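# Structure at a glance
Now for the letters of each chain:
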Amino acid sequence: MTMKEAHVHPDTSVTIADVPIPEITHPSQILIKVIVSGTNPKDWKLPAGMLKTIPPLPNSGDDIAGIVEAVGSDVFDFHVGDRVAALHELGTAGGSFAEYALAWDRSTFHIGKDVSFEAAATVPMGAFMAAIGLFGMLEITPGPWAPVPDHIERPLVIYGAAGTVGAYAVKLAKLVNIHPLICVAGHGESFVRSLIDETDTIIDYRKGDDHIIDEIRNALHGRKLEYAFDATSAHGSFTNLSKVLADGGKLSLVLVDKRPEIPSRIQQSNTMAGSLWRNISNDTDKDYSDFGQLDFARGKEFAIMFSRLIGCWVREGQLKPHPYEVVEGGLAGVETALKALKDGKNSAMKYVVRIADTPGLEK
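Residues numbered from 1 in each chain as written. Predicted model: local features only at pLDDT ≥ 70, side-chain atom pairs only at ≥ 80, totals over all residues. Heavy atoms only, no water.

### Notes on the pattern of salt bridges
Applicable threshold: For this analysis, a salt bridge means a side-chain nitrogen from Lys or Arg found within 4 Å of a carboxyl oxygen belonging to Asp or Glu. Numbering of helices and strands starts at the N terminus; helices are DSSP runs of H or I of at least 4 residues and strands are runs of E of at least 2.
Inspection of the entire model under this criterion finds 14 salt bridges. K174 is the partner of D197 in a salt bridge, and the nearest nitrogen-oxygen pair spans 3.3 Å. With D197 in the loop between α5 (189–195) and β10 (201–204) and K174 in helix α4 (residues 164–175), this pair connects stretches of sequence that are 23 residues apart. The residue R206 makes a salt bridge to D204 at a minimum N-O spacing of 2.9 Å.

Below, the structure written as structure tokens:
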């Protein structure tokens, strides 16, 4: 049996190939008929060889929303016909830019009957990354079962708050009562405003680095800044954050690289979805010694716990999916979506593609 699969090339062009339907090779895997796939900036960067911890491969999609087609022998929480969303294991075959994709049960969650596949496809990467950043790396609270008491202020800067990962970080921070939130955004400022409270702050990065630094300090009102989540990790974001973080403060970035601009007095970490499947720092063929903390203990257990929580929050309406735009053409629209991401054309929304819209696909 074959299926259609989109292959993303180093120049971000996309071709559609006929390939075998992926097979379950581990008892904890799930085969999902993809109804809608989300897209992410990493999806054009990965085939171009720009990501330091993930090997390039052509089907670089990871945000799955669809229907369970088959399950491994050790999968007990999911059954054929279930409506689900899932985060595909980054850097492995069986990605979401195809008619069928593979996911592990630990990173799959039920979406129920009231959440659309389009909305569900915006959730996996953004929500898991935000959870890893806040609870796995920054350890801003022990977990969502331990919200911050109302009388305690715990300032958190979220840089890139209008993007998918940043916006989910805002939403999760609110779920655990983190305040004040100091959000750095640009064109998506009005969207971010809809997510936060009146006591929180939005800073327009388009006004320059000095403005950002001054406004973060103003928003702190003399309090120490001990936590910052950099969902941009580019254009001097981490340099700006380094100038306002207190000694011993924690800074987590979403792009892995050497950052000599970050002083040693700051605890640097990297928020990576790959931590859910493997300890990246154990790669013996690469030297990550200057990159800061790369992963955390017990990624499998973290994924199991947060997949269930994320699914519950989404179904109950506590965690709202990100705004989205459906790109026409199904798998043929992947190229349009990724080139728009590459050119920075999107703001405060996520591009998704409906697989059934692929030209030539049998209905």
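What follows picks up the thread again.
### Brief notes about the packing of aromatic side chains
Filter applied, for reference: The pairing test for Phe, Tyr and Trp rings, Trp by its six-membered ring, is centres within 6.5 Å, and the orientation test on the planes gives stacked under 30 degrees, edge-to-face over 60, and tilted for anything in between. Whether a residue is buried, partly exposed or exposed follows from its accessible area with a 1.4 Å probe, protein chains only, as a fraction of its type maximum: under 20%, in between, or over 50%, in that order.
This structure, assessed with the given rule, holds 2 aromatic pairs. Taken together, a centroid distance of 5.4 Å and an interplanar angle of 20 degrees make the contact between F135 and F306 stacked. Of this pair, F135 sits in helix α3 (residues 124–137) while F306 sits in helix α8 (residues 299–316), and the two are 171 residues apart along the sequence. Given the relative accessible area of 7%, F135 is considered buried. By relative accessible area, F306 is classed as buried at 1%. Ring pairs connect the aromatic residues F135, F302 and F306, which therefore count as one cluster.

### Examining the nonpolar core
The criterion, for reference: We call a set of buried Ala, Val, Leu, Ile, Met, Phe, Trp, Tyr and Cys residues a nonpolar core when their side-chain atoms join them within 4.5 Å.
With 69 residues, the main nonpolar core has L156, V192, L276 and I310 as its most contacted residues. Here this core takes 10 residues from α3, the largest share from any one element. Ranked by size, the runner-up nonpolar core spans 28 residues in total, among them I32, F78, V84 and V327.

### What about the packing of α3 against α8?
This is how it is decided: A fitted line through C-alpha atoms represents every axis, and for helices the fit uses only the stretch in contact; the resulting angles, taken between N-to-C directions, go from 0 to 180 degrees. What sets the label is the angle itself: under 35 degrees gives roughly parallel, over 145 gives roughly antiparallel, 65 to 115 gives roughly perpendicular, and the rest give oblique. Left-handed describes a crossing whose near helix is turned anticlockwise from the far helix through less than a right angle; right-handed describes the clockwise counterpart. Here a residue-residue contact requires only that any non-hydrogen atoms of the pair lie within 4.5 Å. Any residue that is not Ala, Val, Leu, Ile, Met, Phe, Trp, Tyr, Cys, Pro, Asp, Glu, Lys or Arg is counted as polar, Gly included; the first ten are nonpolar and the last four charged.
Taken N-terminus to C-terminus, the directions of α3 and α8 make an angle of 120 degrees; their axes are 11 Å apart at the nearest point. Of the possible angle classes, the one that applies to α3 and α8 is oblique. Pair α3 / α8 crosses with right-handed handedness. The residues of α8 that touch α3, namely those facing A127, F128, A131, I132, F135 and G136, are F302, A303, F306, S307 and I310. Class assignment for the residues of the contact of α3 with α8 results in 9 nonpolar, 2 polar and no charged.

### Structural notes on the environment of A70
Of note, A70 is situated in strand β4 (residues 63–71). Setting aside residues up to four positions removed in sequence, A70 forms contacts with I24, I30, L31 and V80.

### Comments concerning the sheet that holds strand β9 (residues 181–185)
To keep things clear, this is the line we draw: In this analysis, strands are considered paired if DSSP registers two or more bridges between them.
Spatial strand order, β10-β9-β8-β11-β12-β13: 6 strands in an open sheet with parallel pairing. Among the strands making up the open sheet, the edge pair consists of β10 and β13 (267–270). Sheet twist, expressed as the average angle between the axes of neighbouring strands with direction ignored, equals 15 degrees. Two elements, strand β8 (residues 156–159) and strand β11 (residues 227–230), share 3 bridges in a ladder whose sense is parallel. What sits directly across from V157, in β11, is A228. Helix-sheet contacts for helix α6 (residues 209–220) involve β8, β9 and β10, and the interaxial angle to β10 is about 170 degrees.

### Some thoughts on the environment of S275
Within the secondary structure, S275 sits in the loop between β13 and α8. Separated by 21 residues in the primary sequence, S275 and F296 have C-alpha atoms spaced 7.0 Å apart.

### Structural notes on the side chain of E118
To keep things clear, this is the line we draw: Counted as a polar contact is a pair of N or O atoms within 3.5 Å, where, for protein atoms, one must be capable of donating a hydrogen and the other of accepting one, and residues adjacent in sequence contribute only when both atoms are in side chains.
Along the chain, E118 turns up in helix α2 (residues 117–120). Taking relative accessible area as the criterion, E118 reaches 14% and is therefore assigned buried. A distance of 2.6 Å separates the side chain of E118 from the side chain of R354, its partner in a polar contact. Not counting chain neighbours up to four residues away, the residues in contact with E118 comprise V36, Y324, V326, V352 and R354.

### Some details on unusual backbone geometry
Note that the residue after H179, namely P180, is joined by a cis bond; omega there is -5 degrees. Within the secondary structure layout, P180 lies in the loop between α4 and β9. One non-glycine residue, T12, lies in the positive phi region at around 75 degrees. In this fold, T12 is placed in the loop between β1 (2–8) and β2 (14–20). The residue H221 is not glycine, and still its phi comes out positive at about 50 degrees.

These values are about where atoms sit, not about what they do.
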